[in-house]
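Each chain is listed here by its residues.
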Amino acid sequence: MSAGFRISSALWDKIHHFASFPQTGVSLQQMVLFGQNPSQGTLLKASQFLAEELPVRLAHRVKELSELPHGLGEMPSIKKVQNWYAQSFEELVDFPPITLPPDIRQALMSPRTNNSLPESTPNPSLRHLEPDSDGHTSFSHLYGATTNALTNGNGNGNGFNKLKLRVPMDRRYYADTNTVVRWPPQVQDYNKRFTKVLETIKSRHDPTVTTVAQGVLEWKRMQNARNIGLDIQAWLDRFYMSRIGIRFLIGQHVALNSEQAHEDYVGIICTKANVHDIVLEAIENARFVCEEHYAMFRGPPVQLICPPHLTFPYVPGHLSHICFELLKNSLRAVVERYGLADDVVYPAIKVVVVEGKEDITIKISDEGGGISRSAVPLIWTYMYTTMESQAIDNDFQTNDFKAPMAGFGYGLPLSRLYARYFGGDLRLIAMDGFGTDVYIHLNRLSSSREPLL
């Protein structure tokens, strides 16, 4: 994969150059409108956007990995992740640009006269994230009407750029490609080759979550530290939020280029995601894992109260992951409070889903004994777990969506990031001695842009 890969001084120069540019956030709403019935031309425009945007995002992460405090960046697993990101960055900046006839190039650079992308809104999650290493506390430098970018001025969107201003989102990602009746064959070839590179990158980064977790464990053992500090916690939030965004953009692009069109899907986004069905599947999966883990015939019951036809645009995988993780926690708490006796009667875990004007809210309530008030802040800390062992299973290397009954203290903080990614949130209220209520807030308006730092 990237065994033996080393970051050369020339590559470091490129990384620092790209890291000097801010990232461009997109909203779920924009991605849905763009991806409906895409032509080879719109897919090319998307390829060019990602050829600009992904190197910037990867460069930010490589630079930050090299500047981690307290010697964390020197851990072998952290170095491995840094090399993955640098290798992916290099593959993207070295990807050969497409050469197009002047009329095609002009069509790609022409903005649509109507039906342009709607403006996205700032993600409310930004107020929860810590300032970056440069001490920024204002995020206006990330979210102006126009943002800084990398483009070589010929519409191809690759290579270095002498310009410091990015063209507006509409022109970069939503050109009037309908004016072109027939796209030359090199367009489809370019899209195929670029998609293959993205698939390789996505596969390379599959074990990133567990590898970073392993790096933090290495650091904790070396430092003989019980918990991680606020600065490392803030970095993990930024790093994993960025990873969610990178994988979403890659997954969306790969799906648009390789999967057959589906009535209710635009890439990996389901335009009519059925909340009842997604939550019900998460319930069944969580109960199966619980029963397998504790060798039970029947785990605690879960009662679902949800309108059967409630739908909204969302990524089903994200919602499924959030609900699955939270339900695992509730099931484990109930089982460990009431025990495994044959005659035990478990109180039902209740899942209530309500649609509001702005949000769809999911409440998961259990009677698993709750959490002491002093421990509530710790549950959002990475590597905090109530399990006796913190060993990371070697088989748990594939992705974020394959997890044992209880892992290594990542379930809650990662779930909160997934909720916040599209402008939602995750909140927990515990009644020590009784149980816990967890609220998942999902932004049904889909207009919030990614919270990028």
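Residues numbered from 1 in each chain as written. Predicted model: local features only at pLDDT ≥ 70, side-chain atom pairs only at ≥ 80, totals over all residues. Heavy atoms only, no water.

**Student:** Residues and numbers for the overall build of the protein, please.
**Tutor:** In terms of helices and strands, the protein carries 12 helices and eight strands. Buried residues in the protein amount to 55% of all 453 residues. Look at the contacts in the protein between residues 6 or more apart in sequence, and 81% of them connect residues 24 or more apart. Accessible surface, the protein: about 20200 Å² in total, of which carbon and sulfur atoms supply 51%. (Helix = DSSP H or I, 4+ residues; strand = E, 2+ residues; numbered from the N terminus. Buried < 20%, exposed > 50% of the residue type's maximum accessible area, 1.4 Å probe, protein only. Contact = heavy atoms within 4.5 Å. Areas by Shrake-Rupley, 256 points an atom, 1.4 Å probe, with all protein chains shown as cover.)

**Student:** Which residues make up the packing of helix 9 (residues 230–258) against helix 12 (residues 411–421), and what are the values?
**Tutor:** In contact at an axis separation of 10 Å, helix 9 and helix 12 are set at 55° when each is read in the N-to-C sense. Looking at the two axes, helix 9 sits oblique to helix 12. Between helix 9 and helix 12 lies a crossing whose hand is right-handed. In contact with Asp237, Tyr240, Met241, Ile244, Gly245 and Phe248 of helix 9, helix 12 contributes Leu414, Leu417, Tyr418, Arg420 and Tyr421. Each residue belonging to the contact of helix 9 with helix 12 can be placed in one class, and the counts come to eight nonpolar, one polar and two charged. (Axes fitted to C-alpha atoms, helices over the stretch in contact; angles between N-to-C directions. Parallel < 35°, antiparallel > 145°, perpendicular 65-115°, else oblique. Left-handed = near helix turned anticlockwise from the far one by under 90°. Nonpolar A, V, L, I, M, F, W, Y, C, P; charged D, E, K, R; others polar.)

**Student:** Explain the pattern of salt bridges to me, using residue names and the numbers behind them.
**Tutor:** For the coordinates displayed, the defined rule picks out 15 salt bridges. A salt bridge links Arg427 to Asp425; the nearest nitrogen and oxygen atoms lie 3.3 Å apart. The partly exposed category is assigned to Arg427, whose relative accessible area is 42%. (Salt bridge = Lys/Arg side-chain N within 4 Å of Asp/Glu carboxyl O.)

**Student:** Residue-level account of the environment of Glu218, with values.
**Tutor:** With respect to the element layout, Glu218 can be found in helix 8 (residues 208–223). Each C-alpha atom, one on Glu218 and one on Ser77, is 8.1 Å from the other, the two residues being 141 residues apart in sequence. What Glu218 contacts, discounting residues up to four positions off in sequence, is Met75, Pro76 and Ser77.

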